[in-house]
Amino acid sequence: MNMSRRRADSQGSLGPDDEVMPYSDDDTDDELEPSSEGEPEAPHAPAEMGWKVKANDRPYHHLPEFQKKVCLCIKKSRYSGNSIKTYKYNVLTFIPLNLFEQLRRVANLYFLALLILQIIPDISTLPWYTTLIPLVVVLGVTAIKDLVDDLARHRMDKEINNRKCEVLLDGRFQESKWRDIEVGDVVRLKKNDFIPADILLLSSSNPNSLCYVETAELDGETNLKFKMGLRVTDERLQEERQLAEFDALIECEEPNNRLDKFTGMMQWQSERYPLELDNMLLRGCKIRNTEECHGLVVFAGADTKIMRNGGKTRFKRTKIDELMNYMVYTIFVLLILVSAGLAIGHTFWYEEIGSNAWYLFDGKGQNASYRGFLSFWGYIIVLNTMVPISLYVSVEVIRLGQSKFINWDLQMYFAEKDTPAKARTTTLNEQLGQIEYIFSDKTGTLTQNVMQFKKCTIAGRTYGIDPVDWSWNQLADKRFEFMDHSLVACIRSRKDKDVTEFFKLLSLCHTVMVEHNDGDLVYQAASPDEGALVTAARNFGFVFLSRTQDTITIREMDQEMTYEMLALLDFNSDRKRMTIILKFPDGRIRLYCKGADTVIYERLAPNSRHKETTQTALDIFANATLRTLCLCYKDISADEYEAWSRKHKDAQLAMYDRDIALDRVYEEIECNLLLIGATAIEDKLQDGVPETIATLAKADIKIWVLTGDKKETAENIGYSFEFKMIRQANRRNELPTTRRGKKKPAEPFFPQPGKNALIITGGWLNEILYEKKKKRRRLRLRRLGKRPPPSNPQDGQPMDDYEKELRQIDFVDMACECEAVICCRVTPKQKANVVSLVKKYKKAVTLSIGDGANDVNMIKTADIGVGISGQEGMQAVMSSDYAFAQFRYLERLLLVHGRWSYIRMCKFLRFFFFKNFAFTLVHFWYSFFSGYSSQVAYEDWFITLYNLCYSSLPVLLVGLLDQDVNDKLSLKFPKLYLPGQQGTLFNYRNFFISLFHGIFVSLIIFFIPYGAFLQTMGQDGEAPSDYQSFAVVTASSLVFIVNLQISLDTSYWTFVNCFAVLGSIAIYFGIMFDIHSAGIHVLFPSAFTFTGAASNALRQPYLWLTIILTVGISLLPVICIQFLHKTIWPSVGDKVQRNRKKYEMEMQEEEKKKPPAFQRGRRSRRSAYAFSHSRGYADLISSGQSIRRRPPTRGGPQDSIREVPQREAENI
């Protein structure tokens, strides 16, 4: 490939490590600041703690030193109360604040200014009510909608603030409302209670003040977390009297949004005790499996971490919204130009004719220029209906209706979990029909996040082909499925030691908790992978039964065995492995280890067998998109263990860098291991995912998968969608781009067409985004005793912002040429950054879809955010614009609801502009015959009611109900989606077509009746050519034309549409005859002046013929053009409509022979479960604080992702 500009060489720099999860989103330069190279690292001084909380002392928190200035000299306590407020209005502020917000909208402010102008008699020829009534209706409808929304927020706030909780007041616990809780209060919480504030756990009914919490509302994870009180508070604060005497002073960090960090100190009885996150119960969590616990409120209300994480919700607007606003501005300009032209006309007319006509003398003595100035403002009022005041409220009504249709769609209802689709916003529906890029999470969004043990390889032999009957094992989990009888035969014969060791390792080397519930075993694991492995061992006859602080009991086939646990080296994403050291009943000491293949193979003994065969099996497993794990062991002598144990205890007691010290000790023992085999776990794709992605791809929607999983797993996802992978190895230093200073587009990256997919890791993404986080890398290398290579001037860093921008454009251009892009090992912040890049450089409409708390940033950044209500809590759903239960529903959301919404909105807007131009420009033509005197061509009440009653309902129903083809054909022909992406149905071209159509119709409406009335005699010998008859004829013609025109544009007829068209015409005549009656004139003589005009005019056949001629000439060209378009230049939609019956027959036949849902790729790399497995319960187990019964939890836990250490960079 010829490169127009080569990427700056980065060989001198450290390449990014493909296995490394990049830095935490919240790293700061202070945290990463390294000492000079080669020097020992000084311990970090604790950050200054400015937040002080005194237990059981409310007045303390109101001292002057804790006051902050709010406004001028008004001060209040810096400590928030515990009540929350999400509503916008109250009884006093609703009317002024809502009016203020609505009048910030330019159109509303414009009409208010018009109303003021209409009060001035010299300017206005229209009465004030012609503007006031539509303005009041529009403001009133919007205010009612805002009021309903705000009342719902009031109810929610009231419900939360009035929840009950026990608070220690006056020496005893009293029931109190959440809103009355204050910082420093001691509270008592019971099982299944929500936690009302951020609370320091003091004691609980469990041993060692252990407390289990569910954090689904906080971080989306449904597996239980444990929290522990300090030993000192656990021992001394169990009784009510003791708690009442508790007077500790807490010093801690200021309120912040870090959910993963808390630093503090408790000073009590002349002693200081360190506090950390494990001691805190955070608001939004729920107490589980703990009968009772006590805590001290540290942060309340707006200061709590969950409230601090609320963040500002980005206000999202659709492309059509922006376009509509620009078009309204265009109409403003047109209005001013037309009014100015007519005002100039009036000036010249008055000088030439008006001032010389004695019968026009009004005695005001105003000169021609001043009269022209007044005429300008008069025409601004007369032609104001060019700017459609009811447009915005009509759009809101249509969007509300579309949202309800999404909510009511039974085909997007997931019966298994009773979860319907939910449109959480009403402002973005038509944008669903314009999506070009989808950014999706993987685990839980594309996959089910339910793990199943599928295959394994033991001593070089692979198992997992035929289904197994578990009737021989009474303790088996009946839901467990495995495909291989030979493995069961091996175990039951007890002849193969490797098979025995394999399953013994699985039943012993883990941090799973167990409960005996009505004779059944219930396991709770730190991750679904670990639960799947222990369940597998259980089914194969190695049943994990119980554990204590230093023992594990299992049933090996029919024999119960207890092993002494000497050490448990827990899993984390840096180590990617976990190890247990056990003492067997016969005195032997053995180490069992399981972990990612990349780390296990580095630590195998040279004489370890089956390396190559296991490696081959791992490749096969990974090719089948299975998550793999290697198992190994080694025997340790008593002397070797004793020496290592002393080092281990020293490392555990280290004050600084304890984790680094422990890592070094772990490395010493985890070496020269012997390989047993490997496991393969399946995280199944959700039903219909490959088909959905294939259909969306046909609609020219590009899919990007952004995941924290490792590269091989992500790569296999690409293969499962049948994409040709692009290996980045040969492109690493060759990113083509545009030449500096030239606007020519860059050459395509992939000259050969085909289905390409790009895989990129978080490390490489950092290179592209140029995040300034190099310190973390240098710091880690120094800690590991390595030195980075000397700095290179061309260290891969951009020379300037222009260079940086060019490289980002390169990446976006290359990625956008691919059918799919897969970003792996990425942080939540990087997910959002990728979305921002595509929005910035491609100006494309983006959609993000995810199911966990780590997807929230991405969901908020995209134009449209979709939340999957799956296994990982509700945080993604709460931040989303649309929510449903399965990824496959996205196809229907976009291709059916999105496309229909876009077509309906475009048709509505085009017609709305047309009907207003056709209505208003009649005044323009009339001005040439009225001396440009800003006189109106219609009756005043017709002008008032035209947009409200006579023409609004049919076009509103088209905006709500119209569809070119039905939902099944919309899904069968994804190409129907393309007009939305290209924005062809509503743009400036369509706007000017509507403008010229309106000009044409207004010409016909004015000049045909004008010609018909000229020198005419009526049937009764009277001339029907008076102004009032003319106004009736033009108004009647307009109502007929507008309602028949919308009938021509309606693709989908229902009874309601038919009723609306006929009803609008009937309403027009009914109101007109009432307004023109003598009775109403007698009551209000000045407001109703057209007495008898309608009945006089419309009884003459000549005028009916004029109306018919006007309507016919207006509609005939439109009918001809539509006919020619559909015959000579039919769109895809026209062709589908024409052959609808044929396609419906074909669809019935296709349903009988559907292709298989999933096809695997031909080659791949390994995928390791170890990269997404979360930290286990080792600390808890080894402290002896977990030994109690626990009921099962609902749902499956989330794969939490943490940073892993750097390894040698792999090319993608």
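No experiment lies behind these values; they were computed from the predicted model shown.

S.K.: Explanation requested: the overall build of the chain in the structure shown.
M.R.: Looking only at helices and strands, one finds 40 helices and 35 strands in the chain. Counting all 1212 residues of the chain, 56% fall into the buried class. As displayed, the chain has an accessible area near 53500 Å², and 55% of this comes from carbon and sulfur atoms.

S.K.: How should the packing of helix α11 (residues 391–407) against helix α29 (residues 952–961) be read in this particular structure?
M.R.: For the pair α11 and α29, the least separation of the axes is 9 Å and the interaxial angle reads 35°. Along this stretch, α11 crosses α29, giving a crossing that reads as right-handed. For the pair formed by α11 and α29, the contact residues are S394, V397, I398, G401, Q402 and F405 on the first element and L956, G959, L960 and L961 on the second. Residue classes in the contact of α11 with α29 are distributed as 6 nonpolar, 4 polar and no charged.

S.K.: Explanation requested: helix α2 (residues 94–103) in the structure shown.
M.R.: Along an α-helix, a turn takes 3.6 residues, which lines up residues three or four apart on a common side. Along α2, the positions that sit buried rather than exposed are F94, N98 and Q102. The buried residues of α2 occupy one face: seen down the axis, they fall within an arc of 45°. Where α2 is buried, its residues touch α3 (106–118) and α4 (129–161).

S.K.: Help me understand the UniProt feature "active site" (unreviewed entry) in the chain, please; the structure alone is not making it clear to me.
M.R.: Using the residue numbers shown here, the UniProt feature "active site" (unreviewed entry) corresponds to D441. Position of D441 among the secondary structure elements: in the loop between β17 (437–440) and β18 (447–458). Given a relative accessible area of 5%, D441 falls into the buried group. Residues contacting D441, with those up to four places away along its chain left out, are L446, L706, T707, K831, I849, G850, D851, D855 and M858. In terms of polar contacts, D441 uses its side chain to reach the side chain of K831, at 3.4 Å.

S.K.: Even after reading the chapter, I still don't get the pairing of β17, so can you show me in this structure?
M.R.: Successive residues of a regular strand alternate their side chains across the two faces of the sheet. With burial as the criterion, each face of β17 is covered, one bearing Y437 and F439 and the other bearing I438 and S440. Here 4 bridges tie β17 to strand β29 (residues 702–706), and the two strands are oriented parallel to one another. Note that in β29 the partner of I438 across the bridge is I703.

S.K.: What's the story with the side chain of S848 in this structure? I'm lost.
M.R.: The topology assignment puts S848 in strand β33 (residues 846–850). Residue class for S848 comes out buried when judged on its relative accessible area of 0%.

S.K.: Please clarify how the pairing of strand β21 (residues 520–524) should be interpreted in this entry.
M.R.: β21 sits mainly inside the fold: 4 of its 5 residues count as buried. In sequence, strand β20 (residues 513–517) turns back onto β21 through a hairpin of 2 residues, with D518 there showing a positive phi of about 55°.

S.K.: Just checking my understanding: could you explain the sheet that holds strand β14 (residues 286–288) for this structure?
M.R.: Within a sheet, neighbouring strands are paired by backbone hydrogen bonds and run either parallel or antiparallel to one another. Strand order in the open sheet formed by 3 strands is β9-β8-β14, with antiparallel pairing between adjacent strands. The sheet is open, and its two borders are formed by β9 (225–228) and β14, each paired with just one other strand. Averaged over all neighbouring strand pairs, the angle between strand axes comes to 45°, with direction disregarded.

S.K.: Got a minute to help me understand the UniProt feature "binding site: Mg(2+)" (unreviewed entry) in the chain in this structure?
M.R.: The positions UniProt marks with the feature "binding site: Mg(2+)" (unreviewed entry) are D441, T443, D851 and D855. These residues run over 415 residues, yet every pair of their C-alpha atoms falls within 10.9 Å of each other. Position of D851 among the secondary structure elements: in the loop between β33 and α25 (856–861).

S.K.: What should I look at first to understand the pattern of salt bridges in this one?
M.R.: Any two side chains of opposite charge can pair, so long as their charged atoms come close to each other. All told, the structure shown has 38 salt bridges when counted by the stated rule. Between K504 and E556 there is a salt bridge, with its nearest N and O atoms 3.9 Å apart. You can see K504 sitting in helix α13 (residues 497–508) and its partner E556 sitting in strand β23 (residues 551–556), a full 52 residues away along the chain. Residue D863 is joined to K839 by a salt bridge in which the shortest nitrogen-to-oxygen separation is 3.9 Å. With D863 in the loop between α25 and β34 (864–868) and K839 in helix α24 (residues 828–842), the pair connects residues that are 24 residues apart, well separated along the chain. Residues participating in the shared-partner salt-bridge network are E501, K504, E556, R590 and D635.

S.K.: So what exactly am I meant to see when it comes to the packing of helix α28 (residues 940–950) against helix α34 (residues 1055–1075) here?
M.R.: Helix-helix packing: each pair is described by the crossing angle between the helix axes and the interaxial distance. Orientation of α28 relative to α34, taken along the N-to-C sense of each, is 155°, at an axis distance of 11 Å. Classified by the interaxial angle, the pair formed by α28 and α34 is roughly antiparallel. For the pair α28 and α34, the crossing hand works out as right-handed. Of α34, the residues touching α28 (which contributes W941, F942, L945, C949 and Y950) are S1064, I1067, Y1068, I1071 and I1075. Residue composition of the contact of α28 with α34, grouped by class: 9 nonpolar, 1 polar and no charged.

S.K.: Sorry if this is basic, but what is going on with the confidence of the model for the chain here?
M.R.: Detailed reading of the predicted model is not advised wherever pLDDT is low. Taken over all residues, the pLDDT of the chain has a mean of 77, while the share at 70 or more is 78%. Every residue in residues 1186–1212 is under pLDDT 50, and counting partners more than four places away or in other chains gives 125 contacts.

S.K.: Even after reading the chapter, I still don't get the environment of G587, so can you show me in this structure?
M.R.: Summarising the element assignment, G587 is placed in the loop between β25 (577–583) and β26 (589–595). Separated by 23 residues in the primary sequence, G587 and E564 have C-alpha atoms spaced 9.7 Å apart.

S.K.: So what exactly am I meant to see when it comes to the nonpolar core here?
M.R.: It is characteristic of soluble globular proteins that their nonpolar side chains tend to be buried jointly. Within the largest apolar cluster, 102 residues are counted, with the highest numbers of intra-cluster contacts made by L391, F908, L909, F942 and L1038. Considering every element that reaches this core, the biggest residue donor is helix α27 (residues 889–927), with 17 residues. Once residues lying within four places of it in the same chain are set aside, the contact partners of L1038 are A918, F919, Y938, F942, Y946 and I1005. Grouped together as the second largest cluster of nonpolar side chains are 52 residues, V167, L202, L237 and L296 included.

S.K.: What's the story with unusual backbone geometry in this structure? I'm lost.
M.R.: Negative phi characterises most residues that are not glycine, and trans characterises most peptide bonds. If you check the backbone angles, D700 has positive phi at about 65° while not being a glycine. With respect to the secondary-structure elements, D700 resides in the loop between α19 (689–698) and β29. Judged by its relative accessible area of 42%, D700 is partly exposed.

S.K.: Help me understand the packing of aromatic side chains, please; the structure alone is not making it clear to me.
M.R.: Both the distance between ring centres and the angle between the ring planes are used here to describe each pair of aromatic rings. Inspection of the entire model under this criterion finds 56 aromatic pairs. Pairing F246 with W268 gives two aromatic rings, centres 5.0 Å apart and planes at 85°, and the pair type is edge-to-face. Here the residue F246 occupies a position in the loop between α7 (240–245) and β10 (249–252), and W268 occupies one in strand β11 (residues 263–268), the gap between them amounting to 22 residues. Taking 6.3 Å as the distance between ring centres and 65° as the angle between the ring planes, the aromatic pair formed by Y926 and F1006 counts as edge-to-face. A residue pair is termed long-range when its members are at least 10 positions apart, and Y926 in helix α27 and F1006 in helix α32 (residues 988–1013) qualify at 80 residues. Comparing Y926 with F1006 shows no difference in burial state: the two are buried. Members of the aromatic cluster, joined through ring pairs, are F924, W925, Y926, F928, F929, Y932, F1006, F1007, Y1010, F1013, Y1027 and F1030. Sitting above the plane of the Y60 ring, K54 keeps its charged end 5.6 Å from the centroid.

Cut-offs used in this document
- Residues numbered from 1 in each chain as written.
- Predicted model: local features only at pLDDT ≥ 70, side-chain atom pairs only at ≥ 80, totals over all residues.
- Heavy atoms only, no water.
- Helix = DSSP H or I, 4+ residues; strand = E, 2+ residues; numbered from the N terminus.
- Buried < 20%, exposed > 50% of the residue type's maximum accessible area, 1.4 Å probe, protein only.
- Areas by Shrake-Rupley, 256 points an atom, 1.4 Å probe, with all protein chains shown as cover.
- Axes fitted to C-alpha atoms, helices over the stretch in contact; angles between N-to-C directions.
- Left-handed = near helix turned anticlockwise from the far one by under 90°.
- Contact = heavy atoms within 4.5 Å.
- Nonpolar A, V, L, I, M, F, W, Y, C, P; charged D, E, K, R; others polar.
- Arc of directions from axis to C-beta.
- UniProt positions renumbered as here; feature names shortened; annotations may be inferred.
- Polar contact = N/O pair within 3.5 Å; in protein donor to acceptor, adjacent residues only side chain to side chain.
- Pairing = 2+ DSSP bridges.
- Salt bridge = Lys/Arg side-chain N within 4 Å of Asp/Glu carboxyl O.
- Parallel < 35°, antiparallel > 145°, perpendicular 65-115°, else oblique.
- pLDDT = per-residue confidence, 0-100.
- Core = buried A, V, L, I, M, F, W, Y, C linked by side-chain atoms within 4.5 Å.
- Phe/Tyr/Trp six-rings, centres within 6.5 Å; stacked < 30°, edge-to-face > 60°.
- Lys NZ or Arg CZ within 6 Å of the ring centre and 35° of its normal.

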